[in-house]
Amino acid sequence: MYFDEANKYFDMVKDKEDKIILAVESSCDETACAILKGKEIKANIIASQIEIHKRFGGVVPEIASRNHIMAIQNCIDQALAEANMTLDDIDIFAVTYGAGLLGALLVGVSYIKALAFALNKPLMAVNHIKGHIAVNYVANLELKPPYICLIASGGHTAIAHIRDYEDIEIVGTTQDDACGEAFDKVARVLGLEYPGGPQIQKLAKGGKASIEIPTPYKDVDTYDFSFSGIKTAVINYVHKMEQKGEEINRQDLAYSFQDKVTSIMVNNTIRCALDKGINKVVIAGGVGSNEMLREKMEKASKKHKIDVFYPPIKLCTDNAVMIASEAYHSILAGKRPVDIDLDANANLKITD
Ligand code: KG4
Ligand code: ZN
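All of the points below concern the structure found in this document. As the structure is a prediction and not an experimental result, all values here were calculated from the model.

### Things to note about the sheet that holds strand β7 (residues 157-164)
If you walk across this open sheet you meet the five strands as β8-β7-β6-β9-β10, and the pairing is mixed. Strands with a single pairing partner mark the edges of an open sheet, and in this sheet they are β8 (167-173) and β10 (307-309). The sheet shows a mean angle of 25° between the axes of neighbouring strands, taken without regard to direction.

This is the structure we're talking about:
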């Protein structure tokens, strides 16, 4: 009964350009709710748990789930207030169903299923990583596929050929750690707080690339990545210096690490765009906020006459605008709502 009603409603609103989508994101340590009217952001609420997890040096899954439960109602209320709307104004609901921490995902999924069911409105299931990509369409209204996308987040690092909104081919991927994971682990070695990316960026200011870090896949023709060797090189360097009783230049170490990781990501992305003859590159994911990465991508793109797009910092790290945007663009590509038996999938692949 619910599904029939929701589908009928979906068919009524799906082609409306200014349809109103309310999205929820709860895959990791941010509880977020956003409302899009067409491609216009009407609300973007993010309740971050970073302060709670900082003292543990990383996200504790059970604590994350419990805090999502406490924050979610308030996030939705705040988003509706910011948009000056009520639940009756919402045409379509959307939620992240993977990838991420299972218990955390289940909070958002269960909550939004209850809302959609109670209001007989359609529900779109959204892939978190596709959300990181799709947020670029609301941040850069002129952007359309095809393009080459560097996906650089805490859980994923990949290069994707985005042929169309829902036609994604992964052409390179990390063989071990994700780049954000490497930033976070190296930050820990340097005694910096979680999340490590922004802390390394801060520490690296004024530093220089004086410490040698190996380049993986140096002479191999691949778009793949490997960050664990780089991370280990930093750890070994720190241990060696400690054993010798020598002082570590932490600024230079942070700079050398950041410089290596960002160069590799930019080189692979630009090489891929040139090989495929595509003159548009896009950056997606939390590590996409990194200033050095953006500067290097801008510089390399200019040299090769490639256009480069990325979201503003607030939309790079986890948020729900990205989930609403992916829902919107997947509908354009013909995707339909899900039924009330939607389950969370911690290991969802980028192309699922
Ligand atoms: O995309 P995201 O918000 O969450 C996932 O989907 O994983 O990415 C989080 C990651 C963390 O590893 C964090 O350290 C990193 O993004 N990050 C950064 C910066 N801001 C966040 N890494 C480098 N430089 C930054 N400015
Ligand atoms: Zn994310």
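Continuing now.
### Considering the coordination of the zinc ion (ligand 2)
Around the zinc ion (ligand 2), the protein supplies H128 (NE2), H132 (NE2) and D318 (OD) as donor atoms, at distances of 2.0 to 2.1 Å. Around the zinc ion (ligand 2) sit four donor atoms, and with donor-metal-donor angles ranging over 96 to 132° the site reads as tetrahedral. Counting gaps between the donor residues of the zinc ion (ligand 2) yields the pattern H-x3-H-x185-D. Highlighted residues: H132 in helix α5 (residues 128-139) and D318 in the loop between α11 (313-316) and α12 (321-332), separated in sequence by 186 residues. The same class applies to H132 as to D318, namely buried.

### Quick notes on unusual backbone geometry
The peptide bond linking G98 to A99 adopts the cis configuration, its omega dihedral lying at -10°. As for its position among the elements, A99 is in the loop between β4 (92-98) and α4 (102-119). At the junction of Y194 and P195, the peptide bond is cis and its omega measures out at -10° in the coordinates. Summarising the element assignment, P195 is placed in the loop between α6 (179-189) and α7 (196-204). Positioned with a positive phi, Y217 is a non-glycine residue whose angle comes to about 50°. Look at K305: it is not a glycine, yet its phi comes out positive at around 55°. Residue position: K305 is located in the loop between α10 (291-303) and β10.

Cut-off values and rules
In every chain, residue numbers begin from 1 and rise along the written sequence. A letter from A marks each chain and a number from 1 marks each ligand, given out in the order of writing. Local features in a predicted model are, by the rule used here, given only for residues with pLDDT of at least 70; side-chain atom pairs are given and counted only at 80 or more, and totals for whole chains, interfaces and linings are based on all residues. Only hydrogens and water are set aside when side-chain values are computed; all heavy atoms of the structure are taken into account. The pairing criterion for strands is at least two bridges between them, as found by DSSP. Think of it this way: any DSSP run of H or I at least four residues long counts as a helix, any run of E at least two long counts as a strand, and we number them from the N terminus. Axis definition: a line fitted to C-alpha atoms, over the contacting stretch in the case of helices. Angles run 0 to 180 degrees between N-to-C directions. Only N, O and S atoms count as donors, using a 2.8 Å limit from the metal and a wider 3.2 Å limit for Na, K and Ca, and since water is excluded some coordination spheres may look unfilled. For four-coordinate sites, all angles between 85 and 135 degrees define a tetrahedron; for four- and six-coordinate sites, opposite donors beyond 155 degrees with the remaining angles between 65 and 115 define square planar and octahedral shapes respectively, and all other cases count as irregular. Only protein chains enter the calculation, and the probe is 1.4 Å; a residue is then buried if its accessible area is under 20% of its type maximum, exposed if over 50%, and partly exposed in between.

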